Number of protein chains: 2
Amino acid sequence: MRLSTKAQYAVRAMVSLHLHGTGAPVSLRDIAVREEISLQYLEQLFSKLRRGGIVDSVRGTGGGYVLARTATDIRVDEIIDSVEETLVPVSCMDDSGRCSCSEQCVTHNVWQGLAEGIRGYLASYTLDDLTRQAQTKWSGPSA
Amino acid sequence: MRLSTKAQYAVRAMVSLHLHGTGAPVSLRDIAVREEISLQYLEQLFSKLRRGGIVDSVRGTGGGYVLARTATDIRVDEIIDSVEETLVPVSCMDDSGRCSCSEQCVTHNVWQGLAEGIRGYLASYTLDDLTRQAQTKWSGPSA
DNA sequence: AAATTAATTGACAGTTTTACTCAGGTATGA
DNA sequence: TCATACCTGAGTAAAACTGTCAATTAATTT
């Protein structure tokens with residue numbers, strides 16, 4: 001059960017954007033160099049992050065990307081959602097826990113609980129938490 | 001981030017084995033029919049479950065598989081481990097949380113926390129819990 | 001206005017993983 | 001010795017992943 005590199009890169013890139021941003025737009029070239037991610041792959045990711053309402057884009061010279069909201073208001077699960085990676089561990093279940101097989105399926109409860117736990121944990125982390133680094137473990141950043 | 005069908009089938013098959021077992025070995029054919037999983041795919045899975053110490057095999061006529069331990073002593077995470085699906089969400093990290101990039105990697109803590117949470121949650125479920133069905137959500141079977 | 005920077009888009013391709021099937025072989029009980 | 005059922009390794013089609021390439025649009029600087 002692996003997160004795709006797409007999701008991992010997206011989170012890393014967002015941290016990089018927040019960490020080295022001064023308010024002025026940060027170009028993908030900068031992030032690409034700093035994080036050693038291909039510029040063209042980043043373009044794909046940020047296109048989705050923009051559509052997801054996580055970042056805003058500024059075109060032209062001196063352009064780049066800026067956060068669409070404050071870092072304390074951007075949750076890690078939202079970043080992953082934006083690049084279209086599911087956080088639900090089984091394919092028969094949707095985000096809300098609905099499942100075609102929920103009646104007859106004895107394993108339904110484990111997967112639903114797992115899905116909620118993963119979602120809840122990643123939702124407890126904000127972009128700002130990540131940059132501040134002082135996190136505890138499973139209980140999330142607040143504990 | 002999806003669990004493979006391999007892991008899902010393994011858990012379902014184990015529940016089926018426990019639920020319909022009377023102490024006597026249960027043949028894979030029975031499980032295959034009941035769970036609508038290909039017999040030959042099941043053979044692959046149970047070969048791994050046996051090596052993982054989850055089940056014991058009985059060969060010959062009237063043979064099949066039996067639990068290697070009591071159902072209260074078989075955890076869901078062990079079942080998944082046996083069929084060789086990782087529960088660690090990022091490839092740079094091993095089961096113990098060690099990571100080549102832990103120093104420079106700002107996202108390390110989230111992934112480690114997530115890994116521990118997933119592991120901890122699935123470890124809180126036993127095969128017996130699953131068959132008894134009366135589970136609560138994220139807090140696991142004990143709450 | 002022209003040149004430059006940088007976001008934006010869609011198509012495409014190589015590689016890896018997944019989810020199986022197939023074809024045998026081995027051990028046991030009736 | 002025959003039927004049952006476990007056991008093993010190889011092979012394969014499809015899907016997903018991880019990017020690259022090419023071309024365009026928009027804004028800024030000169």
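Analysis parameters
Residues numbered from 1 in each chain as written. Chains lettered and ligands numbered in written order. Predicted model: local features only at pLDDT ≥ 70, side-chain atom pairs only at ≥ 80, totals over all residues. Heavy atoms only, no water. Least-squares fit on C-alpha atoms with pLDDT ≥ 70 in both. Contact = heavy atoms within 4.5 Å. pLDDT = per-residue confidence, 0-100. Helix = DSSP H or I, 4+ residues; strand = E, 2+ residues; numbered from the N terminus. Near = heavy atom within 4 Å. Polar contact = N/O pair within 3.5 Å; in protein donor to acceptor, adjacent residues only side chain to side chain. Expected span 1.5 Å × (residues − 1). Buried < 20%, exposed > 50% of the residue type's maximum accessible area, 1.4 Å probe, protein only. Phe/Tyr/Trp six-rings, centres within 6.5 Å; stacked < 30°, edge-to-face > 60°. Nonpolar A, V, L, I, M, F, W, Y, C, P; charged D, E, K, R; others polar.

Q: Any chance you could break down the relation of the copies chain A and chain B for me, citing the residues and the numbers?
A: With an axial shift of 0.0 Å and an RMSD of 0.1 Å, the rotation relating chain A to chain B amounts to 180°. Those values place the two copies in the arrangement expected of a two-fold rotation axis. Considering only C-alpha atoms, the residue of chain A closest to the rotation axis is A:Met1, which sits at 2.9 Å. Taken as a fraction of all interface residues of chain A, those also at the interface in chain B reach 100%, which identifies the copy contact as same-surface.

Q: Can you break down the confidence of the model for chain A residue by residue, with the values?
A: Here chain A averages 89 in pLDDT, while 90% of its residues score no lower than 70. Element-level pLDDT for chain A is lowest in helix H6 (residues 127-132) of chain A, with a mean of 90, against a maximum mean of 97 in helix H4 (residues 76-82) of chain A.

Q: Explain the protein's contact with DNA strand C to me, and be specific about the residues and the numbers.
A: Near DNA strand C, the surroundings consist of 24 residues, among which A:Ser57, A:Tyr65, B:Ser38, B:Gln44 and B:Arg59 are the closest. When atoms of DNA strand C within 4 Å of the protein are sorted by moiety, sugar and phosphate together comprise 66%. Contacts to DNA strand C include B:Ser38, whose side-chain N or O atom sits 2.5 Å from a phosphate oxygen. At 2.9 Å from a base oxygen of DNA strand C is found a side-chain nitrogen or oxygen belonging to B:Arg59. Among the elements of the structure, helix H3 (39-51), strand E1 (55-58) and strand E2 (64-67) of chain A together with helix H1 (5-20) and helix H3 (39-51) of chain B are those that each provide at least two residues to the surface near DNA strand C.

Q: Explain helix H5 (residues 108-123) of chain A to me, and be specific about the residues and the numbers.
A: With 16 residues, H5(A) extends 22 Å from end C-alpha to end C-alpha; this agrees with the ideal 22 Å at 1.5 Å per step. Of all 16 residues in H5(A), 12 are buried, a share of seventy percent or more. Taken together, the buried positions of H5(A) are A:His108, A:Asn109, A:Val110, A:Trp111, A:Gln112, A:Gly113, A:Leu114, A:Ala115, A:Gly117, A:Ile118, A:Tyr121 and A:Leu122. Elements in contact with the buried residues of H5(A): H4 of chain A together with H1, helix H4 (76-82), helix H5 (108-123) and helix H6 (127-132) of chain B.

Q: Outline the packing of aromatic side chains, listing residues and values.
A: Counted according to the given criterion, the structure contains six aromatic pairs over all chains. Pairing A:Phe46 with A:Tyr65 gives two aromatic rings, centres 4.9 Å apart and planes at 45°, and the pair type is tilted. Of this pair, A:Phe46 sits in helix H3 while A:Tyr65 sits in strand E2; the two residues are 19 residues apart in sequence, bridging distant segments of the chain. Here A:Phe46 matches A:Tyr65 in class, with each residue buried. Judged by centre distance (5.5 Å) and plane angle (70°), the rings of B:Tyr121 and B:Tyr125 are edge-to-face. Of the two residues, B:Tyr121 and B:Tyr125, both sit in the buried class.

Q: Let's hear about the protein's contact with DNA strand D: which residues, and what values?
A: Around DNA strand D sit 27 residues in total, of which A:Ser38, A:Gln44, A:Arg59, B:Ser57 and B:Tyr65 are the nearest. Within 4 Å of the protein, the contacting atoms of DNA strand D are 63% sugar and phosphate, with bases supplying the remainder. Take A:Ser38: an N or O atom from its side chain is 2.4 Å from a phosphate oxygen of DNA strand D. Contact distances for DNA strand D include 3.4 Å between a phosphate oxygen and a side-chain N or O atom of B:Ser47. In terms of residue count, H3(B) provides more of the surface near DNA strand D than any other element does, four residues in total. Among the residues making up the surface near DNA strand D, the classes are represented as six nonpolar, 16 polar and five charged.

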